[in-house]
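So you can see what is in the structure, the chains are spelled out below.
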Protein chains: 2
Amino acid sequence: MKARFYAPDAHAPGDLVVLPADEAAHLSRVLRLVPGDPVRVFNGRGQEFDARVAQVGRRDVQIAVGRAAPAAAEPRVAVTLALAVLKADGTDAAVRDAVMLGVAAIQPVVSHRSEVGLATLERGRRRVRWERIAIASAKQCGRATMPDVRAPRRFEALLEDLAEARLPRPAVMFVEPGAAAHAVSLAGLDVPRPAAATVLVGPEGGWAPGEIARAEAAACRLVTLRLPTIRAAAMPAVVLAAVLAAWGEL
Amino acid sequence: MKARFYAPDAHAPGDLVVLPADEAAHLSRVLRLVPGDPVRVFNGRGQEFDARVAQVGRRDVQIAVGRAAPAAAEPRVAVTLALAVLKADGTDAAVRDAVMLGVAAIQPVVSHRSEVGLATLERGRRRVRWERIAIASAKQCGRATMPDVRAPRRFEALLEDLAEARLPRPAVMFVEPGAAAHAVSLAGLDVPRPAAATVLVGPEGGWAPGEIARAEAAACRLVTLRLPTIRAAAMPAVVLAAVLAAWGEL
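Residues numbered from 1 in each chain as written. Chains lettered and ligands numbered in written order. Predicted model: local features only at pLDDT ≥ 70, side-chain atom pairs only at ≥ 80, totals over all residues.

**Brief notes about the relation of the copies chain B and chain A**
For the pair of chain copies, the relating transformation is a rotation about an axis with a translation along it.
Here comes step 1: Its rotation angle being 180°, the transformation that places chain B on chain A also includes 0.0 Å of axial translation and leaves an RMSD of 0.0 Å. On this basis, the relationship between the two copies can be described by a two-fold rotation axis. For chain B, the residue whose C-alpha comes nearest the rotation axis is B:Ala242, separated from it by 2.5 Å. (Least-squares fit on C-alpha atoms with pLDDT ≥ 70 in both.)

Here's what the structure looks like:
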């Protein structure tokens, strides 16, 4: 299989585009490709092209975009994953898997039980790291669409985003068994397949009771999967597979 | 939360049972519990009990089984996961996740593209390792039922097991996009919720064409998820979440 690169500037056959720095390094220093080598590029907005390496410079790699190639289909539900920031590398794994499972956007959330604050995330340039992981995952899994990896928000700000329609409805919050009186099973969630949805997944130990109450007051639907305790880092993949299957999208 | 141990000999309140060696080491040397400490035990067959440490010896740990405690519910579909052996630690991660997702049994399979043979698995005592991982996962996720971790089989033997009803039907083989002409989507799999099922998940690179053809000839249903390429180690969790959701079990 030809190597695949993220080329956000590729619009149409005939374009000559410069790769982002990470992609250029992967092409020239890791894979050691040279001018004339055939590659695939995707622009992150659903388009994929056959292409060739046109030039490999010290700082730039230029790609000659060829004919359009079939792009992997995207789910009909544009899911925004509102993901509580996890411990250690848990968020990295969750971002990687969420991209494979076709999310439209990832909104990291600092929740009560996330063991890290917004300032630490910003100092650590974690958003840049998650964007890199998302690009690597899209390259590997064959998606031509790059999910939007948003700047982390506090839980309260997330609810404001929902209230002001900056995040799509329905909003479905997944909660631990016994954490909420009004939670239903996924099978009991009577929501026909929407065009877009926000799916909220908590941190290790789950959402705090106050967060669940505020989400419910903000008209989030509460769902508890009929499963034992799932590892927090595996939860996004499990939840996304389950909701896509329940909406007939798999 | 009280520490939880696997005590296969616990049948009823009043029992005095000896823990398996690994469990005893966990209790005495890792957690340093002493006689009188309250614990939880599960017997792997769906029963859970409050209990106390009765005696901690050099070689044995005895547990006094107390009153029955509520056990986590099991899915109504008893799924046997026929899992192609994966590279490196991929199978370990897959076993861990499959236990969280409620499988009834795990049948490791040496397929054409598994990069390891039966003899190597036996020499490496991999089944014992997977059983340990399954116990650790059941302890952590709160399941009271221990899936049966079977001895690895060649793919041909798996088909014989299906033919001779040693594995449950329906049998659903998950194949990569484009790998089979007759594969349907999960939404297109017109199979009402069964009492038991066998779910076949392939290795890195997927099942070989000959394996797919033989499975189809053996009346396995072929399903391709409408997703891009999923990491092989993440595939069992994604497939299990998807089939349970599709059968209304989540």
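**Some remarks on the environment of B:Trp247**
All names here are of chain B.
Here comes step 1: Tracing the sequence through the fold places Trp247 in the segment after helix H7 (235-246).
Here comes step 2: Under the C-beta neighbour-count criterion, Trp247 is labelled buried, with 20 such atoms within 10 Å.
Here comes step 3: With 171 residues separating them along the chain, Trp247 and Arg76 place their C-alpha atoms 9.5 Å apart.
Here comes step 4: Residues in contact with Trp247, not counting those within four places in the same chain, are Val77 and Arg193. (Helix = DSSP H or I, 4+ residues; strand = E, 2+ residues; numbered from the N terminus. Buried ≥ 20, exposed ≤ 12 C-beta atoms within 10 Å, placed from the backbone. Contact = placed C-beta atoms within 7 Å.)

**Points about helix H1 (residues 21-30) of chain B**
Residue and element names in this part refer to chain B.
Here comes step 1: Within the sequence span of H1, burial applies to Glu23, His26 and Leu27. One side of H1 carries all its buried residues, which in axial view fall inside an arc of 90°. Along H1, the residues that are exposed and aim more than 90 degrees away from the buried face are Ala21 and Arg29.
Here comes step 2: If you follow the buried residues of H1, they end up packed against strand S1 (4-6), strand S4 (48-56) and strand S5 (61-69).
Here comes step 3: Arg32 sits one or two positions beyond H1 and adopts a positive phi of about 55°. (Arc of directions from axis to C-beta.)

**Side note on the domain arrangement of chain A**
Residues and elements named next belong to chain A.
Here comes step 1: Once the domains are mapped, chain A shows domain 1 (4-69) and domain 2 (78-246).
Here comes step 2: A straight line from the C-alpha centre of domain 1 to that of domain 2 covers 32 Å.
Here comes step 3: Each partner contributes to the interface: domain 1 provides 10 residues, whereas domain 2 provides seven residues.
Here comes step 4: Looking at the side of domain 1 that touches domain 2 element by element, the count peaks at three residues for strand S1 (residues 4-6). (Domains from an automatic or database assignment.)

**Some words on the sheet that holds S4(B)**
Residue and element names in this part refer to chain B.
Here comes step 1: Spatially, S1-S3-S4-S5-S2 is the arrangement adopted by the five strands of the open sheet, whose pairing is mixed. Here the strands that pair on one side only, and so sit at the sheet edges, are S1 and strand S2 (16-18). When the angles between neighbouring strand axes are averaged without regard to direction, this sheet yields 45°.
Here comes step 2: Sheet topology places strand S3 (residues 38-42) next to S4; five bridges connect them, and they run antiparallel. Directly across from Phe42, in S4, lies its bridge partner Glu48. (Pairing = 2+ DSSP bridges. Axes fitted to C-alpha atoms, helices over the stretch in contact; angles between N-to-C directions.)

**Some words on the sheet that holds S1(A)**
Residue and element names in this part refer to chain A.
Here comes step 1: Reading across the sheet, the five strands line up as S1-S3-S4-S5-S2 and stay open at both edges, with mixed pairing between neighbours. Two strands close off the open sheet at either side, each with one partner strand: S1 and strand S2 (16-18). For this sheet the average axis-to-axis angle between neighbouring strands, irrespective of direction, equals 45°.
Here comes step 2: As paired elements, S1 and strand S3 (residues 38-42) share three bridges and run parallel to each other. Its bridge partner being in S3, Tyr6 is matched across the sheet by Phe42.

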